[in-house]
Amino acid sequence: MTATADDRADELHAAGLDGQNRTTLGRMLGTGNVGYAEEGEDGVMRATVRIPEDQLIFDPSIIVFPHGGDIELTLINDDKNTHCALLPHNGDPKIIWLVNHSKGTARLNLDGPGAYWYGSTTGNDEGRGLTAALVMGGEVPDSAKLDRPAQPRP
Amino acid sequence: MTDYVDAGEAVAHRTLSNVKGEAPATRNVDYERIQGARSEPENWLTYYGTYDGQRYSTLNQITKDNVRKLVPAWVFQAGSTGMHSGASTYSFEATPLVVDGVMYVSGPDGKVWAIDPKTGEELWRYKHASPFDTSLCCGNVNRGVAVGHGKVYMYTLNAHLIALDATTGEKVWDTTNGDVRAGESGSAAPLIVKDMVVVGSAGGEFGVRGHLDAFDAQTGERRWRCYTVPKPGEPGSETWPEDGEAWQRGGANCWITPTYDPELELLFQGTGNPAPDFDGGVRPGDNLYTDSVVAIDVNSGEIRWHYQFTPHDLWDYDSTMENLLFDAPDGRKLLAHADKNGYFFVIDRTNGELVRVFPFVDRITWGEISPDGKVTPKIYPDEEGVPVHFWPGPAGGKEWTHMSYNPETGLIYIPVQEVGATATRRRREFKESIPYWGAGVAVDLDDHYGFVSAVDPLTGEEKWRWNHEYPMCASNVSTAGGLVFQGTPSGEFVALDAQTGEKLWQFQCGSGHHSSPITFEVDGRQYVAVPTGWGGWVEGFLPGLLGAAAGDALFCFALPED
């Protein structure tokens, strides 16, 4: 058995794990692109995610935000099938229905740091590949930190 | 290609449900009212029902004579779906509260509901988004909310104390109180005292330095923080290595709600294990205030006295579980505590003086505590790589789940676990957010049993026990109807005769119990409510049932109306 880290995208492709109905039935989760949100002058962090045709993936499938806070996510369905997105949000998850060739918005509030999953909760979209992550970076406020010297991290 | 179809804006998931969105306004719950909670048994106003932690109700409509007629009035399904934070260890561990005809209860994964306690109808819901990668030792759980000052307070999995509007569930304020990068989390039910909300830390398996905090109930501003491991130079610091780093990762977390004496103005907080759990070689000394009860001045956050149940713990014997307050016939103010280490302690709660100590489990091999409180360790992980078996295991003779006290019988009803474990010391370096146990641990898979033990705390005598195939991993509640209600790991919810221990009734809930039942009354009808949903730290307290049926239902029982 061999494993790889440096050329992971090529290896995933060669193994038939980064597309629909190749080695396995769907696309393995977590094999998509990484994107970064931009923070506006109003403090809102904005990003766009698309569903490409016949790929059953949110692209980028991981969006990195610099810290917790308010998010404006633009969702575009470029696919020729209907999907949706059930998204994490402080208060209650938010849902948006995305018919073929549609575009919508989700305004979310999430704490940081930490990672949150979301997916298209229709059919088995989530299992086929339409499960993606919103990753919040940053640190908690100083007032929430422990009174102790800096500690080692992994 | 044409322009995109406008999909609009994402909407709250609950808007596509039958949730009403609003609960009736209740009378205000404040400090004075919670102090008098015993006088309004129709409600369950605070985590333990009353500040003293007795989990006793004076309601007596359901009695020994009619309990066999008890039937479900309604069932509320929490709805466990999708990816959870810590899905493998999901559990429904909460204590519901009831205020003037509205029930408030929290569930796993950041959920809080207001429910009509007569019908089970969902009035409002709130869900705090929980990061999937939060460090959790023992599951995606929450043990309950506090209600008062027009608000519902919850400590979230990622250590935010939040306040919700009690009538709508909308968030009023949100204070970050813990460092998730340091392995901190939140699971305890907050406690309202005076104009403050008190809540404690979780993260003992990640070397978090434990603390209890008090916040302004209206604004969320912190009033005080009390660390339960002293810094160098502070009282108790002499019990840690002088020039070491051990105190910085010392543990003593406060992940169970304290009890409170309004006359003494003292909070009685149980503290968790030292870190690393099983490797004492890196932390020589007694390691105060781990595995202790600390009496904390509610006004200042200062520790007035302490009693340590397991000095220099090497078995993961947290003492976070309740310190039940009761008075002796001569008026002496006492505190009762059934510790993980298998011993039952009675302490003078005015000064921390030991009054009595006796074993409440059958098998204790880790060591011995003499009647005057002298602790002698006997078996413990000491040599690197050498397995050591001991009883009770790290979940203890009794874990966090709560006993109850019936002042009419004078008995305390203890849910007892008989499970051992093997620990093999494996030293490791400390890194924030990585488990810091210092051992490999395997809890016994098949040698286990349990019972409810009715104990006279004034003598130590066991009056009766109700035996069960499995350890008791849930709280019980006792009532003036002469009953003790107890859930089992195999799903039965049973009513026992408080005088004799005879089983008088049972209902199979379909999933094991790891929560705290309550009783209340609405429009003259008494109810008994219990969340069910097997899970949590099952590998710690009963791995023999790791594959048992999961669930997420809140059952509410009552006598037939006709």
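Check the entry above for the structure.
Residues numbered from 1 in each chain as written. Chains lettered and ligands numbered in written order. Predicted model: local features only at pLDDT ≥ 70, side-chain atom pairs only at ≥ 80, totals over all residues. Heavy atoms only, no water.

Asker: Teacher, can you tell me more about the state of the cysteines here?
Answerer: Here, disulfide denotes a covalent bond that connects the sulfur atoms of two cysteines. Residue and element names in this part refer to chain B. Summed over all chains, the structure comprises one disulfide over all chains. There is a disulfide in this structure between Cys137 and Cys138, and the S-S distance comes to 2.2 Å. Its S-S torsion of about -105° marks the bond between Cys137 and Cys138 as left-handed, since a negative value means left-handed. Not part of a disulfide, Cys226 finds its nearest cysteine sulfur in Cys254, a span of 7.3 Å. Cys556 provides the cysteine sulfur closest to Cys509, a residue in no disulfide bond, and the two sulfurs are 11 Å apart. (Disulfide = S-S within 2.5 Å.)

Asker: Sorry, what's going on with the interface of chain A and chain B here?
Answerer: Size of an interface, as often reported, equals the accessible area lost when the parts are brought together. At the interface, 51 residues of chain A touch 53 residues of chain B. For the chain A face of the interface with chain B, the top three residues by lost area are A:His101, A:Leu146 and A:Arg148, together amounting to 16%. In this assembly, chain A and chain B are joined by five salt bridges. Of the charged contacts in the structure, one is a salt bridge between B:Glu432 and A:Arg148, with a shortest N-O distance of 2.9 Å. Run the count over chain A and chain B and you get 33 residue pairs in polar contact (both at pLDDT 80 or more). Mapped onto the side of chain A that touches chain B, the elements with two or more residues apiece are β5 (69-77), β7 (94-98), β8 (102-110) and β9 (114-119) of chain A. For the side of chain A that touches chain B, the element with the most residues is β8(A), which contributes eight residues. A per-class count over the side of chain A that touches chain B returns 23 nonpolar, 16 polar and 12 charged. (Contact = heavy atoms within 4.5 Å. Buried area = accessible area lost by both parts, 1.4 Å probe. Salt bridge = Lys/Arg side-chain N within 4 Å of Asp/Glu carboxyl O. Polar contact = N/O pair within 3.5 Å; in protein donor to acceptor, adjacent residues only side chain to side chain. Helix = DSSP H or I, 4+ residues; strand = E, 2+ residues; numbered from the N terminus. Nonpolar A, V, L, I, M, F, W, Y, C, P; charged D, E, K, R; others polar.)

Asker: Looking at this structure, I do not really get the environment of B:Gly207. What am I missing?
Answerer: Structurally, B:Gly207 can be placed in the loop between β14 (196-200) and β15 (211-216). You can call B:Gly207 buried: its relative accessible area is 0%. Note: C-alpha distance between B:Gly207 and B:Asn253 (46 residues apart in sequence) is 9.3 Å. Once residues within four sequence positions are removed from consideration, B:Gly207 is found in contact with A:Arg148, B:Gln248, B:Arg249, B:Gly250, B:Ala275, B:Phe430 and B:Tyr436. (Buried < 20%, exposed > 50% of the residue type's maximum accessible area, 1.4 Å probe, protein only.)

Asker: Got a minute to help me understand the packing of aromatic side chains in this structure?
Answerer: By convention here, two paired aromatic rings are described through the distance between centres and the angle between planes. Residue and element names in this part refer to chain B. For the structure shown, the criterion picks out 34 aromatic pairs over all chains. Seen in terms of ring centroids, Tyr51 and Tyr260 are 5.0 Å apart; in terms of plane orientation they differ by 75°. Their pairing is edge-to-face. A residue pair is termed long-range when its members are at least 10 positions apart, and Tyr51 in the loop between α1 (31-35) and β3 (56-57) and Tyr260 in strand β17 (residues 259-261) qualify at 209 residues. Take Tyr51 and Tyr260: they sit in the same class, and that class is buried. A ring pair is formed by Tyr449 and Phe451, whose centres lie 6.4 Å apart and whose planes are at 25°; its orientation type is stacked. We classify Tyr449 as partly exposed; its relative accessible area is 24%. Judged by its relative accessible area of 0%, Phe451 falls in the buried class. In this structure an aromatic cluster arises from ring pairing among Phe485, Phe493, Trp505, Phe507, Phe555 and Phe557. Over the face of the ring belonging to Trp400 we find Arg143, whose NZ or CZ atom lies 5.0 Å from the ring centre. Taking the ring centre of Tyr227 as reference, the NZ or CZ of Arg209 above it sits at 3.9 Å. (Phe/Tyr/Trp six-rings, centres within 6.5 Å; stacked < 30°, edge-to-face > 60°. Lys NZ or Arg CZ within 6 Å of the ring centre and 35° of its normal.)

Asker: What should I look at first to understand the sheet that holds β17(B) in this one?
Answerer: Picture the strands of a sheet paired through backbone hydrogen bonds; they go either parallel or antiparallel. Residue and element names in this part refer to chain B. Spatially, the four strands line up as an open sheet ordered β17-β18-β19-β20, and their pairing is antiparallel. Both outer strands of the open sheet, β17 and β20 (303-308), are each paired with one neighbouring strand and no more. Strand-to-strand twist in this sheet, taken as the mean axis angle between neighbours without regard to direction, amounts to 20°. With three bridges joining them, β17 and strand β18 (residues 266-270) adopt antiparallel strand pairing. (Pairing = 2+ DSSP bridges. Axes fitted to C-alpha atoms, helices over the stretch in contact; angles between N-to-C directions.)

Asker: Got a minute to help me understand a nonpolar patch on the surface in this structure?
Answerer: On the surface, A:Leu29, A:Trp117, B:Met83 and B:Phe132 cluster together into a nonpolar patch covering about 350 Å² of accessible area. As for its placement among the helices and strands, B:Phe132 is situated in the loop between β8 (122-127) and β9 (146-148). Residue B:Phe132 is classed as partly exposed on the basis of its relative accessible area of 35%. (Patch = residues over 30% accessible without salt bridge, like charges linked within 9 Å, V, L, I, M, F, W, Y side chains within 5 Å. Areas by Shrake-Rupley, 256 points an atom, 1.4 Å probe, with all protein chains shown as cover.)

Asker: Help me understand the sheet that holds β14(B), please; the structure alone is not making it clear to me.
Answerer: All names here are of chain B. Read from one edge to the other, the open sheet built from four strands follows the order β13-β14-β15-β16, with strand pairing classed as antiparallel. Where the open sheet ends on each side, the last strands, each with one partner, are β13 (191-193) and β16 (222-227). Pairs of neighbouring strands in the sheet enclose a mean axial angle of 20°, with direction left out of account. As paired elements, β13 and β14 share three bridges and run antiparallel to each other. The partner of Ile192 across the bridge, within β14, is Val197.

Asker: How do you make sense of the pattern of salt bridges when you look at a structure like this?
Answerer: When the charged atoms of two side chains with opposite charge come close together, those side chains can pair. Residue and element names in this part refer to chain B. For the structure on display, the rule yields 52 salt bridges over all chains. Among the salt bridges present, the one from Arg38 reaches Asp52, with a minimum N-O distance of 3.9 Å. Placement of Arg38 in the loop between α1 and β3 and of Asp52 in the loop between α1 and β3 is noted, with a sequence separation of 14 residues between them. Using a relative accessible area of 18% as the deciding quantity, one classes Asp52 as buried. Here Glu561 makes a salt bridge to Arg525, at a shortest N to O gap of 3.8 Å. Remark: Arg525 occurs in strand β37 (residues 525-531) and Glu561 occurs in the segment after β38 (553-558); sequence separation between them is 36 residues. We classify Glu561 as exposed; its relative accessible area is 67%.

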